[in-house]
Amino acid sequence: MKRAGIEENLLAILDSTSDSKHTPDANDDRLAYLEAVRSACIVNENPPTSKMREAVFQILRVGKSLELITESFRLLNELDKRFPRVYLSEKEASESSHLVVVEEGWSPFLFNLENASRERGAGGRSISGPLDSLGFLQLMQELAEVANEGNLQALEIKSLRNMLLFQYLVNALEGDFLPRNRVYEETMNWTHLRESLLNMLLSTRRINYKGLMKDCLSIMCGLFDVSAGISEDLESPDNAASKLSHNGNTASALALFELGNNACIALQKLLIMIMDLDMSRKKADMQGSTTRADGVRTPLMEIILDELTYDIDMLSPFLKVFNEPKWKLEIILQYFSKYTTRLSTRTRRSNGPTEDATTFSGVLNCFSNITSTRSITKKIKSDVVQVLLAHAFQAHLSSSSQQDADSISASKDEGRSSSLVEICENIISAFSNLRRTDAKMEILPIGKEALFTAATILSTETGAHV
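Residues numbered from 1 in each chain as written. Predicted model: local features only at pLDDT ≥ 70, side-chain atom pairs only at ≥ 80, totals over all residues. Heavy atoms only, no water.

Under an unreviewed UniProt entry, the name given to the protein chain is Negative regulator of systemic acquired resistance SNI1, and the organism recorded is Populus trichocarpa.

Structure below.
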């Protein structure tokens, strides 16, 4: 009864405010409602009702001021963190994690059968309520327009709102997926992931899954370029002042710079979750846990590799913006494996343990002599090889740094140091052989950075062991 009373009192603030009403008084009412919800739920720790949450979500979807959309975005994330719909219960050390799903909890998505007729009636295009699959697809198409436009003059509040809305939806997908995936890894019960919001979004037949994933890649690269362009403008005061005064929306330009970066991070987060889901789905398939109802979906890794292979212009921007070391390295290794799997078995320089092209050391072995290097550059352009090797080296170093932070064994540290020295020697050797196969080849800036880093590490490591 207490929650019902709080809900009634708070929603009364919005009684005179409709989604289409954007007068100063209506916006003040919306801000007052957001502050009242924060006070009642976050400060005084009263769980919000579904109607209260949905009203906050509606403000994010229809708000036409920067203050409204940012405040509603922040409050939604605070509510989800404080009162999650899916979470892991406390457990003893010897017990498996227990997944708790608040069935009556509000969600920004509508995928269940109960709302199917409502989705069909709204055509997936409700302007303020939770999104169905078509609503999510429409949002991605609008983000693609922002990414493709790529100039300051095109700025408008709708673009900022869409980027914040997308970030919130990805946060909601993550909050639902991560605890489910953790429990799946412990119990191997596929039902937990089958019922995840992410799986339901990707499994719907109402959208073209491959097309959506390709859009995600192009949007991420496009927004990265937009943010980079704005960054250059802001670093040049005269140029920035001219463009911003012409557009008359300095605050929105600065916000777009920050939101563009955050949207790229959200897109990366979404891609990583999908690849993690694909890995769990593969395990479930092997165990016979899936059924025909789960459908068939092309693994995202295959889609990414196809796009990077056939659209070379996307390769460098993608590797610049996608910076999660584990998956970045895996993507590059699988890219190389298309051309180097057989070569790696013929270019081993020692009788030690075999290394194939699914490891970074194995890929570097493929560039250990002129013959194999020339064979690869006949299939992959030398400048593409430089980009791939340099980014793989960056990802390997980042992964090694994370492993070193977790290591407490001196013997293991010594082994890693030895391995790192070998990697650095091999990366320098690989670039040297690339130059020997093509005397006219110029080392790209990212290649020079990799070589400088490798030489610096070798100097430090060899000096430390003298």
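1. Here's the deal with the packing of aromatic side chains
With the rule as written, the count across this model stands at 9 aromatic pairs. Relative to Phe-322, the ring of Phe-318 has its centre 5.2 Å away and its plane inclined at 20°; by these criteria the two rings are stacked. With a relative accessible area of 0%, Phe-318 lands in the buried category. The exposure class assigned to Phe-322 is buried, which follows from its relative accessible area of 0%. Linked through ring pairs, Phe-109, Phe-111, Phe-136 and Phe-166 together constitute an aromatic cluster. Its end group placed over the ring of Tyr-209, Arg-297 keeps NZ or CZ at 5.5 Å from the ring centre. (Phe/Tyr/Trp six-rings, centres within 6.5 Å; stacked < 30°, edge-to-face > 60°. Buried < 20%, exposed > 50% of the residue type's maximum accessible area, 1.4 Å probe, protein only. Lys NZ or Arg CZ within 6 Å of the ring centre and 35° of its normal.)

2. Remarks on the side chain of Thr-373
With respect to the helices, strands and loops of the structure, Thr-373 is situated in helix 17 (residues 370-377). Its relative accessible area of 0% is what places Thr-373 among the buried residues. Within the structure, Thr-373 has its side chain in polar contact with the backbone oxygen of Asn-369 (distance 2.8 Å). In this structure Thr-373 touches Cys-366, Phe-367, Ser-368, Asn-433, Leu-434 and Thr-437, once residues within four positions along its chain are discounted. (Helix = DSSP H or I, 4+ residues; strand = E, 2+ residues; numbered from the N terminus. Polar contact = N/O pair within 3.5 Å; in protein donor to acceptor, adjacent residues only side chain to side chain. Contact = heavy atoms within 4.5 Å.)

3. Structural notes on the state of the cysteines
Evaluation of the coordinates by the stated rule reveals 0 disulfides. Not engaged in a disulfide, the cysteine Cys-221 finds its nearest cysteine sulfur in Cys-264; these two sulfurs lie 8.3 Å apart. On the accessibility criterion, Cys-221 (6% relative accessible area) is buried. (Disulfide = S-S within 2.5 Å.)

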